[in-house]
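# Architecture at a glance
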Amino acid sequence: MSRTRTLLAAGLAVVVVLVSLGAWWLARDPTPTTDSASAARTSLVGLPAATGEPELASLDTLHPQPGQVVEAAGPFDDRFDLTGLSLTDRAVSGRVLVTSDVSDLLELQVLAGFYDSSGALIGTGRWDYHLDEATASPHDGQTPDEHRVFRIAVPADLAGRAVAAAVGVPVLVNE
Amino acid sequence: MALVALLSATALSATTVVGAEAAATQASSSKITNVIYLLGDGMGRTHVTAGRDRYYGASGSLNMERLPVVGQVRTYAVQKNSGQPGDPDFVPEYVTDSASSATAWSSGVKTYNAALGVDAKGTVVPTAMELAHQAGLRTGNVSTAEITDATPAAQMSHVLARGCQGPSYSAASCQVIDVTGGAALPTSDIRVTPVADQIARNGTADVILGGGLSRFDAADEAALKGQGYKVLGSPASQTVATRADLRNARSGKVFGLFNKGNLTISKFKRENPTSPQAAEPTLPELTKKAIGLLDQSTRKNKGFYLQVEGALIDKRSHANDAAQTLEEIKAFDDAVAVAVDFARKDKHTLVIVTADHECAGFGIIEKGTFTNAEAATPPVNADTGNPANNSTPARGANAKDPARSTGPVNGSGSADPKNFAPATFRTADDPASVQDGSPDASLWLTYLSGNHTGQDVPLYAYGPHSSELADSVENTMLFDVVTGALRIQP
């Protein structure tokens, strides 16, 4: 009888221990603490910092004929049409019509490559549109305007040599 | 026997305690394991009502409206360099944009319009998704917009200007010198690092589904794969992900962008079922997949945090396109149903449904009436100084101007560019013979503008801790509720 009681006691003790462990397991907080100072990644390993304004690799592959203004491929070519492209000895100009969804046009950069009479790229110029939401009302209270007219001056050091141009869009943020 | 009784009593006592603890623990861990945060971008109170009328009728309810807890959210932003509410240098901005609002619930601070993951003085602030990720929870971010767009980006990046999306840096799109002391930041600073570069390298979200493939390039794809992401489609070749790709993604970290830009409008896909765009997954499909991927983690006991955005409600409201807006509301609401179905089965999930701001002053006017914009003599909207409600309108009796009101803009007045009449839509209560654009349709919809408004927005919730949201809350409080529920408070 004594042995039975001992076994029973031992068995119950095991049960109590197991139940307690189970209770601890259920009660524990599975979520480790957080460190807000390090939660935000403020450096990205392996990402080289930008060295300046964006370029379009396609400018290097183009060789427009004198008097021509051609389009240079970029990442957003399915989102706009370029119309009215023209080149004078002072500037290249035209119009960007954003054709994809436009609830806001936030950023637009048009990059122009200038070419000499042999079709060699001799320099670039750019035009930026930026909507400052904090100081300007988007689209002046109206529904969005998909058109932007741009004019990019021929850099002074290319005057007289730039006889052709290519135009592309490396930056476009519309939503 | 006495010993047996003693041991039995001990065991009983232990069992009772355990039972109580288990119950408490269940309540405690049922405190919450998961949070699914869904927002309809630009979805104001009227958007919800219009969606209800359109699809379920006046006495019906959208899925979000069936949730047991209802509140509302104050959405105002602050100006650049402002302090927080209560600070001496606090300067409010009454109408927010998506970036400022998303930063409010993502990081718990008010900031200026266009800022993401930084406060109004430009200081980086951690996001709920970053805290969840750091704590070992699984994380997901789903949007019908480009994934670099303001709402999804606010959880996964820190930039001074929302336009700094990538793939390339430009000073005009990334620098905000009136927040950084008049000088541009070095391009190595995270705050001027394009959002796409950040998303591809910081690993904040385990599951990333949406649009915006054009923002990412070959280097981004390599960085994602280096972190163990399964990349659906290819940023390097600009091959968009497909529904089949999504179906085959069964576990782990997944990055899938299904359009080079925003995902395609639901109405277009419905009307063009054989178009390539119709093959894009819907928001409910993306939501269901994201939940499935996040819930099956081996770290399941730590739970997950998922954000889902119905972005196109806002985008089509900006365009004053009620027909498309309505279908985006429906798609978003169907995603809510997916989340709630999961939460009901899971019992450890808090579901929050809200918006970032109202867009375009959406209005429902009584059938057969007209708006001020259609009036020949609109009310003057000035204090007439009368002591009682007895004045004669200063401009004479209100009357409709036939030159400005030539029939429903989606019906008989559609060809008139100067027509200010409402668009009309049939509802679930209308006879089958009633057509959209007809004067007989019951739902008459108008817009005040093409921009955001300062209205408070609706808030619905389901699950443990949801009662904390039965209130009128600041959008920053949503950060406190989410991080509190997940026990990841900073």
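Residues numbered from 1 in each chain as written. Chains lettered and ligands numbered in written order. Predicted model: local features only at pLDDT ≥ 70, side-chain atom pairs only at ≥ 80, totals over all residues. Heavy atoms only, no water.

## Overview of the sheet that holds strand β2 (residues 80-87) of chain A
Residue and element names in this part refer to chain A.
- Read across the open sheet, the three strands follow the order β2-β3-β6; overall the sheet is antiparallel. Where the open sheet ends on each side, the last strands, each with one partner, are β2 and β6 (147-153). Pairs of neighbouring strands in the sheet enclose a mean axial angle of 20°, with direction left out of account.
- Inspection of the sheet shows β2 paired to strand β3 (residues 91-98) by six bridges, in the antiparallel sense. Of the residues in β3, the one forming a bridge with Asp81 is Leu97. (Pairing = 2+ DSSP bridges. Helix = DSSP H or I, 4+ residues; strand = E, 2+ residues; numbered from the N terminus. Axes fitted to C-alpha atoms, helices over the stretch in contact; angles between N-to-C directions.)

## Section: the packing of aromatic side chains
All names here are of chain B.
- Inspection of the entire model under this criterion finds six aromatic pairs over all chains.
- Seen in terms of ring centroids, Tyr76 and Phe90 are 6.2 Å apart; in terms of plane orientation they differ by 65°. Their pairing is edge-to-face. Linking Tyr76 in the loop between β2 (69-74) and β3 (77-78) with Phe90 in the loop between β3 and β4 (92-93), this pair joins segments that are 14 residues apart in sequence.
- Given a relative accessible area of 26%, Phe90 falls into the partly exposed group.
- Look at Phe304 and Phe342: their rings are 5.7 Å apart centre to centre, the planes differ by 45°, and that puts the pair in the tilted class. Residue Phe304 is found in strand β9 (residues 304-310), and its partner Phe342 is found in helix α13 (residues 322-346); the two are separated by 38 residues along the sequence.
- A relative accessible area of 0% means that Phe304 is categorised as buried. (Phe/Tyr/Trp six-rings, centres within 6.5 Å; stacked < 30°, edge-to-face > 60°. Buried < 20%, exposed > 50% of the residue type's maximum accessible area, 1.4 Å probe, protein only.)

## Some words on the state of the cysteines
Residues and elements named next belong to chain B.
- Taken as a whole and assessed by the stated rule, the structure comprises one disulfide over all chains.
- Linked covalently through their sulfurs, Cys164 and Cys174 form a disulfide whose S-S length is 2.1 Å. Taking the sign of the S-S torsion, 85° for the link of Cys164 and Cys174, the bridge is right-handed. In this pair, Cys164 sits in the loop between α5 (150-156) and α6 (171-174) while Cys174 sits in helix α6, placing the two residues 10 residues apart along the sequence. This pair shows no difference in class: Cys164 is buried, exactly as Cys174 is. (Disulfide = S-S within 2.5 Å.)

## Comments concerning the domain arrangement of chain B
Residues and elements named next belong to chain B.
- Along its sequence, chain B is organised into domain 1 (31-362 + 453-485) and domain 2 (369-380 + 393-446).
- Taking only C-alpha atoms, the centre of domain 1 and the centre of domain 2 are 34 Å apart.
- Each partner contributes residues to the interface: domain 1 has 12 residues there, and domain 2 has nine residues.
- Across the domain 1/domain 2 interface, buried area totals approximately 790 Å², and carbon plus sulfur atoms make up 62% of it.
- Per-residue buried area on domain 1 facing domain 2 is highest for Asp53, Arg54 and Phe362; these three make up 51% of the total on that side.
- Linking domain 1 to domain 2 there are one salt bridge.
- The partner of Asp436 in a salt bridge is Arg54, with the nearest N and O atoms 2.7 Å apart.
- Elements with a minimum of two residues in the side of domain 1 that touches domain 2: α2 (45-56) and α13.
- In terms of residue count, α2 provides more of the side of domain 1 that touches domain 2 than any other element does, five residues in total.
- For the side of domain 1 that touches domain 2, the residue count by class is eight nonpolar, two polar and two charged. (Domains from an automatic or database assignment. Contact = heavy atoms within 4.5 Å. Buried area = accessible area lost by both parts, 1.4 Å probe. Salt bridge = Lys/Arg side-chain N within 4 Å of Asp/Glu carboxyl O. Nonpolar A, V, L, I, M, F, W, Y, C, P; charged D, E, K, R; others polar.)

## Topic: the nonpolar core
- Core analysis: the largest hydrophobic core is formed by 106 residues, its most contacted members being Leu38, Met64, Leu209, Tyr305, Leu306, Phe332 and Val353 of chain B.
- Residue contacts for Met64 of chain B: discarding those within four places in its chain leaves Met43, Val48, Phe332, Asp333, Val336, Val353 and Tyr460 of chain B.
- If you look at the next biggest cluster of nonpolar residues, it comprises 26 residues, including Phe80, Val92, Ala162 and Val173 of chain A. (Core = buried A, V, L, I, M, F, W, Y, C linked by side-chain atoms within 4.5 Å.)

## Notes on unusual backbone geometry
Residues and elements named next belong to chain B.
- A cis amide bond, omega 15°, links Gly166 with the succeeding residue Pro167.
- With respect to the helices, strands and loops of the structure, Pro167 is situated in the loop between α5 and α6.
- Unlike most non-glycine residues, Asn320 shows phi in positive territory, near 55°.
- With respect to the secondary-structure elements, Asn320 resides in the loop between α12 (312-318) and α13.
- On the basis of relative accessibility, which here comes to 29%, the residue Asn320 falls in the partly exposed class.
- A positive phi angle, near 80°, is found at Ala360, a position not held by glycine.
- Residue position: Ala360 is located in the loop between β11 (358-359) and β12 (363-365).

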